[in-house]
Amino acid sequence: MANSIASQPPHSPVQSTSTRSWTFTLTADSITDEEQALFADDLNALGLEPGIWTVLNAVLSTGTRYSRPLVVRAHDGETMVGLAVIYECRRYGACFFDPPMSTLMDTPGIPMFLWLRYGATVDHCANPGFVRKGIDRGEFVQRVTSQLLQEYMLGTVVEYDSEQAGVGAVTTPFVDSGLIDVGELSGIEGYLGRSKSLSRKRKKFANKGGEIKIVQGSLPENLRTAALDGFQSLEIMIRTPYQDNYLSMADAVMMLDSPEMVHIVALLDGEYAGHQSFCRSGNALHCQAGAFDRRRTSTYHAYENIIVTSVEYALEHGLDCIDYGPALNETKKKMMTRFIRCENRIYGRYRFISAVMPHVLRRSKIGPDRMASWVGLGEQAAEQPLA
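Residues numbered from 1 in each chain as written. Predicted model: local features only at pLDDT ≥ 70, side-chain atom pairs only at ≥ 80, totals over all residues. Heavy atoms only, no water.

### Quick word on the overall build of the protein
Stage number 1. The secondary structure content of the protein amounts to 15 helices and 14 strands.
Stage number 2. Taking 387 residues into account, the globule formula puts the C-alpha radius of gyration at 21 Å, and the protein, at 21 Å, falls close to it.
Stage number 3. Based on the C-alpha atoms only, the size of the protein along its principal axes is roughly 65 × 45 × 40 Å.
Stage number 4. For the protein, restricting intrachain contacts to residue pairs at least 6 apart in sequence, the fraction spanning at least 24 positions comes to 77%.
Stage number 5. When the accessible surface of the protein is summed, it comes to about 16900 Å², and 48% of that surface belongs to carbon and sulfur atoms.
Stage number 6. Computed over 38 positive and 44 negative side-chain charges, the inter-centroid distance for the protein is 6 Å. (Helix = DSSP H or I, 4+ residues; strand = E, 2+ residues; numbered from the N terminus. Rg over C-alpha atoms; globule rule 2.2 N^0.38 Å. Contact = heavy atoms within 4.5 Å. Areas by Shrake-Rupley, 256 points an atom, 1.4 Å probe, with all protein chains shown as cover. Lys, Arg positive; Asp, Glu negative; His and termini not counted. Charge placed at Lys NZ, Arg CZ, Asp CG, Glu CD.)

### Overview of the pairing of strand β10 (residues 261–268)
Stage number 1. With eight of eight residues buried, β10 lies mostly within the body of the structure.
Stage number 2. In β10, alternate side chains face the same way, and those of M261, H263, V265 and L267 on one face and V262, I264, A266 and L268 on the other are all buried.
Stage number 3. Note: strand β9 (residues 210–216) against β10, seven bridges, orientation antiparallel. Within β10, the position partnered with Q216 by the bridge is V262.
Stage number 4. The pairing of β10 with strand β11 (residues 271–281) spans eight bridges and is antiparallel. Bridge assignment links M261 to a residue of β11, and that residue is C279.
Stage number 5. Counted along the chain from β10 to the antiparallel partner β11, the turn is two residues long, and its residue D269 has a positive phi close to 55°. (Buried < 20%, exposed > 50% of the residue type's maximum accessible area, 1.4 Å probe, protein only. Pairing = 2+ DSSP bridges.)

### Brief notes about unusual backbone geometry
Stage number 1. Residue P100 is bonded to the preceding P99 through a cis peptide linkage, with omega at 5°.
Stage number 2. As for its position among the elements, P100 is in the loop between α4 (93–96) and α5 (101–106).
Stage number 3. Notably, H124 is not glycine yet its phi reads approximately 80°, a positive angle.
Stage number 4. Structurally, the position occupied by H124 is in the loop between β5 (112–116) and β6 (130–131).
Stage number 5. Although it is not a glycine, Y300 sits at a positive phi angle of roughly 50°.
Stage number 6. Residue placement: Y300 occurs in the loop between β12 (284–292) and α11 (302–316).
Stage number 7. By relative accessible area, which is 25% here, Y300 ends up partly exposed.

### Some remarks on the packing of aromatic side chains
Stage number 1. What the rule picks out here adds up to 12 aromatic pairs.
Stage number 2. Between the aromatic rings of F231 and Y246, the centroid separation amounts to 6.0 Å while the plane-to-plane angle is 70°, which identifies the pairing as edge-to-face. One end of the pair, F231, is in helix α9 (residues 221–232); the other, Y246, is in helix α10 (residues 246–254), and 15 residues separate them in sequence. In terms of burial, F231 and Y246 fall into one category: buried.
Stage number 3. Plain terms: the ring middles of Y242 and Y246 are 6.4 Å apart, the flat faces sit at 10° to each other, and that makes the pair stacked.
Stage number 4. Among the aromatic residues, those joined into a ring-pair cluster are Y87, F231, Y242 and Y246.
Stage number 5. Its end group placed over the ring of Y66, R91 keeps NZ or CZ at 3.9 Å from the ring centre.
Stage number 6. The ring of W374 is capped by K333, whose NZ or CZ atom sits 5.0 Å from the centre of that ring. (Phe/Tyr/Trp six-rings, centres within 6.5 Å; stacked < 30°, edge-to-face > 60°. Lys NZ or Arg CZ within 6 Å of the ring centre and 35° of its normal.)

### Some remarks on the side chain of Q36
Stage number 1. Its location among the elements puts Q36 in helix α1 (residues 33–38).
Stage number 2. Not counting residues up to four positions away in its chain, the partners in contact with Q36 are I31, W53 and N57.

### Looking at the nonpolar core
Stage number 1. Counting 46 residues, the largest nonpolar core has L116, Y118, F231 and Y242 as its most contacted members.
Stage number 2. Not counting residues within four places of it along the chain, the set of residues in contact with Y242 comprises S67, Y87, C89, L114, L116, D123, C125 and M249. (Core = buried A, V, L, I, M, F, W, Y, C linked by side-chain atoms within 4.5 Å.)

### Things to note about helix α8 (residues 198–207)
Stage number 1. When α8 is considered as a whole, its buried residues turn out to be L198, K201 and F205. With its buried residues spanning 60° around the axis, α8 presents them on a single face. Along α8, the residues that are exposed and aim more than 90 degrees away from the buried face are R200, K203 and N207.
Stage number 2. Contacts made by the buried residues of α8 are with α7 (187–192), β9, β10, α11 and α12 (330–335).
Stage number 3. Once α8 finishes, G209 follows within two positions and takes phi at roughly 85°, a positive value. (Arc of directions from axis to C-beta.)

### Description of the environment of R363
Stage number 1. Residue placement: R363 occurs in the loop between α13 (351–362) and α14 (368–371).
Stage number 2. In this structure the C-alpha to C-alpha distance between R363 and F97, which are 266 residues apart in sequence, comes to 8.3 Å.
Stage number 3. Reaching out from R363, the side chain makes a polar contact with the backbone oxygen of H359 at a distance of 3.0 Å. (Polar contact = N/O pair within 3.5 Å; in protein donor to acceptor, adjacent residues only side chain to side chain.)

### Side note on the packing of α9 against α10
Stage number 1. At a minimum axis distance of 11 Å, the contact between α9 and α10 shows a crossing angle of 155°. The angle between α9 and α10 places the two elements in the roughly antiparallel class. The handedness of the crossing between α9 and α10 comes out as right-handed. Note on element contacts: α10 touches α9 through Y246, L247, A250, D251 and M254, opposite R224, A227, L228, F231 and Q232. (Axes fitted to C-alpha atoms, helices over the stretch in contact; angles between N-to-C directions. Parallel < 35°, antiparallel > 145°, perpendicular 65-115°, else oblique. Left-handed = near helix turned anticlockwise from the far one by under 90°.)

### Description of the pattern of salt bridges
Stage number 1. Inspection of the entire model under this criterion finds 16 salt bridges.
Stage number 2. Note that E312 is salt-bridged to R202, the shortest N-O span being 3.0 Å. With E312 in helix α11 and R202 in helix α8, this pair connects stretches of sequence that are 110 residues apart.
Stage number 3. Looking at E312, the relative accessible area reads 28%, which means it is partly exposed.
Stage number 4. Take R202: its relative accessible area is 26%, and that puts it in the partly exposed class.
Stage number 5. Between D293 and R295 there is a salt bridge, and its shortest N-O distance comes to 3.3 Å.
Stage number 6. For D293, a relative accessible area of 16% translates into the label buried.
Stage number 7. Take R295: its relative accessible area is 53%, and that puts it in the exposed class.
Stage number 8. Among the charged side chains, a salt-bridge network with shared partners connects R117, E159, E343 and R345. (Salt bridge = Lys/Arg side-chain N within 4 Å of Asp/Glu carboxyl O.)

Here it is as structure tokens:
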């Protein structure tokens with residue numbers, strides 16, 4: 001699948017498995033305490049805790065002229081049966097192409113929807129969709145997708161490839177999601193022992209004046225300002241369709257004065273060198289966003305040190321897993337213990353969209369050839385042990 005694009009028959013985009021009639025709303029309204037309580041059983045089933053609502057509501061407080069997060073609410077009669085956070089995007093050309101093609105794609109301003117379904121709060125807004133007891137999540141996803149195609153001509157659902165795609169989906173491989181299974185490690189030494197170079201990189205970082213600081217709650221203003229500046233110095237391999245709102249989301253989450261927020265900050269001689277933010281929920285850390293000051297000549301393996309510290313933190317607090325989300329750089333790829341394959345599933349309201357989309361994707365930045373290096377990472381790691 002790493003080098004192919006698959007298309008389901010372009011009939012009705014999604015077909016429901018039930019005759020019940022649902023109604024939907026699509027707004028930027030925050031998720032209320034009363035609504036959160038409705039999904040307590042589902043959070044428990046997903047191994048999550050209510051702190052994720054804090055992150056999702058922070059994201060819902062952001063938005064630009066071209067990108068805005070929205071909540072899809074599904075009702076069966078008077079009863080709310082499901083809820084999901086999606087994105088409406090109007091400038092997504094740079095996600096697919098370089099200028100001038102990206103400019104031509106963005107000029108009409110035709111909105112699309114994006115639903116990231118891998119993990120929970122990964123990249124701030126990923127969510128599987130939440131359902132009331134007795135509601136099938138697969139059916140909910142299908143119905144939401146079908147409803148969104150009545151609002152938008154085009155949309156994308158990025159999810160684990162083990163999830164069933166809806167009818168009409170044009171599928172292409174996406175970046176594997178990387179995890180560290182902390183519960184399977186024999187302490188921090190067991191993790192360090194996976195690579196011959198990790199201990200050396202920790203010593204080098206320390207010898208260069210490096211230290212790691214763990215902040216729970218809101219990130220202090222001086223570090224938050226430096227982190228936002230660090231985001232500006234990054235070279236982004238794949239731009240998100242909501243890239244213009246990314247800093248606002250990161251800032252909103254870094255400002256959250258909530259105990260579930262965990263920020264691991266790398267300092268060099270007391271100055272910001274990089275950070276990674278997490279939401280702690282259930283028995284896991286869920287990656288939010290991270291940045292590094294790439295204007296430095298070197299950060300002396302700050303990223304590796306942050307990842308090791310996240311493992312130490314997880315071990316100390318009895319957590320089972322760290323979900324780092326899409327593994328889009330070599331360092332992250334080498335330091336994960338497991339990968340989950342993801343797919344980019346594109347839906348069009350009309351048949352001609354599904355017909356032309358495979359040709360568009362093959363020539364785009366997110367085409368199978370471009371993604372090949374980041375797909376099947378588990379198999380690659382098995383073939384080539386860490387150095």
